[in-house]
Amino acid sequence: MKLENGTPLQAHLFSGPASETDLGCAVVMKATYEIREGSLEIATNTPWPIHLAPLETPYGTFPGEVASRKPKTDVLVLGKAKAPRGEAVRQLGVSVSVGSFRHSLAIFGERRWERTATGLRPTEPIPFVEMPIVWSNAFGGKVPTAVGDMPSTDNPAGKGLFLDEDEGDGVPLPNVEDPNALIRSPKDLPRPVGWAPYPLAGGVRMEKLRGPDGAPLPYDVVEPWVMGWAHPDLIVETPAAGARIEVGGLTVDGPIVTAVPAFPARVTVRNGDDERSLTPRLDTLIVQAEERRLVVRWRAAETFEMRPREIRLVRIEPA
């Protein structure tokens, strides 16, 4: 099966048998936009590629792109919390919203647990100008044991984890927290939170795959979480084109504001003399705050009867 792409979109076609008599195809398409005073312009310089292998970034690793369906939409934000006007602060709040969905984080300067007469308490946060929103700054980490390090299953890259209060003196606290579940006590073990890509095998994602009794849930229930790139808190119902996107706290001159773009092309699949239109579905939104870019991914899929020696073609054309 062939792909003809006459647009600036990055695209990749997957195809193969869907059953004994049918073929299936899925095309993944990605647009990189410059955010300019609220409007979007297709970026012609270094657009985000379609990557079949895992992609390493300063904010985490994106899994290799495959044809699997994402029934919901991943919302990811890559960037650093920045103090307003560049004046150092000890703590600030950041937020992302897409349509009616909103998610907030509390960002702290460097802190550590210190021992007092009444037990462990956090030190005052050290003032900061910017703080990367990465998993190494969220709650988690590894605990040394006699047989080796015991990692947090939710976030082994993080900080703040210890099991015995006698060992807590001097342990750093996380910089990125859930404002609705702030760490108050050395006994607190919060879920890590963040906006960067979350590991496919991370514990917070794995919790979504099991019921209250620990038994696996049916695939149609867990499918939204299985292939998502985002933390489960940021896998949302697919927003409509035109929905407002706003990211606050990652730039010194006010929030980044734009809107979900409509799919900017037309996709058709030809199987012999049969030609039909495909309706791509939005499954990923990535805000690159430092670059002021929005990366958007759509996926379209179709199955059709397998007939030998026929032309099979997916065509992407300007809308």
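The coordinates are above.
These remarks concern the structure in this document. If you're wondering where the values come from, they're calculated on a predicted model, not measured in any experiment. (Residues numbered from 1 in each chain as written. Predicted model: local features only at pLDDT ≥ 70, side-chain atom pairs only at ≥ 80, totals over all residues. Heavy atoms only, no water.)

Considering the pattern of salt bridges
Under the defined criterion, the tally for this structure stands at 21 salt bridges. One salt bridge connects R111 with E177, and the closest N-O pair in it is separated by 2.8 Å. Here the residue R111 occupies a position in the loop between β10 (101–108) and β11 (113–116), and E177 occupies one in strand β18 (residues 176–177), the gap between them amounting to 66 residues. The class of R111 is buried, set by a relative accessible area of 7%. Its salt-bridge partner being R191, residue D233 comes within 2.7 Å of it at the nearest N-O pair. On the criterion of sequence distance, the pair formed by D233 in the loop between α2 (219–226) and β19 (235–236) and R191 in the loop between β18 and α1 (203–207) is long-range, its members being 42 residues apart. Bridged by salt links that share partners, the residues K30, E65, D283 and R297 form one connected network. (Salt bridge = Lys/Arg side-chain N within 4 Å of Asp/Glu carboxyl O. Helix = DSSP H or I, 4+ residues; strand = E, 2+ residues; numbered from the N terminus. Buried < 20%, exposed > 50% of the residue type's maximum accessible area, 1.4 Å probe, protein only.)

Some words on the packing of aromatic side chains
Throughout the structure, instances matching the rule amount to five aromatic pairs. On the basis of an interplanar angle of 65° and a centroid distance of 5.2 Å, the ring pair of W135 and Y198 is categorised as edge-to-face. Note that W135 is positioned in the loop between β13 (130–132) and β14 (139–140) and Y198 in the loop between β18 and α1, a separation of 63 residues in sequence. By relative accessible area, W135 is classed as buried at 8%. An aromatic cluster of at least three residues, connected via ring pairs, comprises W48, F62 and W229. Looking at K70, its charged tip hangs above the ring of W229, at a distance of 3.9 Å from the centre. Across the ring face of F108, the terminal group of R111 is positioned such that the distance to the ring centre comes to 4.0 Å. (Phe/Tyr/Trp six-rings, centres within 6.5 Å; stacked < 30°, edge-to-face > 60°. Lys NZ or Arg CZ within 6 Å of the ring centre and 35° of its normal.)

With respect to the sheet that holds strand β1 (residues 2–5)
Read from one edge to the other, the open sheet built from four strands follows the order β1-β26-β22-β23, with strand pairing classed as mixed. Pairing within the sheet leaves two strands with one partner each, and these edge strands are β1 and β23 (274–278). On average, each strand axis in the sheet is tilted by 20° relative to the strand beside it, whichever way the strands run. By the bridge criterion, four bridges tie β1 to strand β26 (residues 312–318) in an arrangement that is parallel. (Pairing = 2+ DSSP bridges. Axes fitted to C-alpha atoms, helices over the stretch in contact; angles between N-to-C directions.)

Here we look at α2
All of the buried residues in α2 are V222, E223, P224 and W225. Lining the buried residues of α2 we find α1 and β19. (Contact = heavy atoms within 4.5 Å.)

Some thoughts on empty space enclosed by the protein
Here the structure, examined in full by the defined rule, presents three cavities of 30 Å³ or more. Taken as a whole, the largest cavity spans an internal volume of roughly 60 Å³. Along its surface, the largest cavity is lined by W113, F139, G160, L161, F162, L173, P174, I183, S185, P186, D188 and L189. A per-class count over the lining of the largest cavity returns nine nonpolar, two polar and one charged. (1 Å grid on protein atoms, 1.4 Å probe; cavity = no way out; pocket = protein on both sides within 12 Å on 5 of 7 lines; lining within 4 Å. Points joined across faces, edges and corners; volume = space filled by probe spheres on them. Nonpolar A, V, L, I, M, F, W, Y, C, P; charged D, E, K, R; others polar.)

Side note on the nonpolar core
Residues V94, I107 and W195 are the most contacted members of the largest nonpolar core, which totals 69 residues. Examining the composition of this core, we find that seven residues originate from one element, strand β3 (residues 22–36), more than from any other. Setting aside chain neighbours within four positions, we find W195 in contact with L76, V77, V94, S95, V96, H103, L105, I133, L234 and L250. In terms of nonpolar packing, the next biggest core, distinct from the first, is built from nine residues, W113, F139, F162 and L173 among them. (Core = buried A, V, L, I, M, F, W, Y, C linked by side-chain atoms within 4.5 Å.)

Details of unusual backbone geometry
Even without a glycine there, the phi angle at R85 is positive, about 60°. Secondary-structure assignment places R85 in the loop between β8 (80–82) and β9 (91–98). Look at R292: it is not a glycine, yet its phi comes out positive at around 50°. Turning to its location among the elements, R292 is positioned in the loop between β24 (281–288) and β25 (293–305). Judged by relative accessible area, which is 29%, R292 ranks as partly exposed.

Re the sheet that holds strand β21 (residues 256–259)
Strand order in the open sheet made by the five strands is β18-β10-β9-β20-β21, with antiparallel pairing throughout. The open sheet has two edge strands with one neighbour each: β18 and β21. In terms of strand pairing, β10 meets β18 through two bridges, oriented antiparallel. Pairing of I107 across the sheet is with V176, part of β18.

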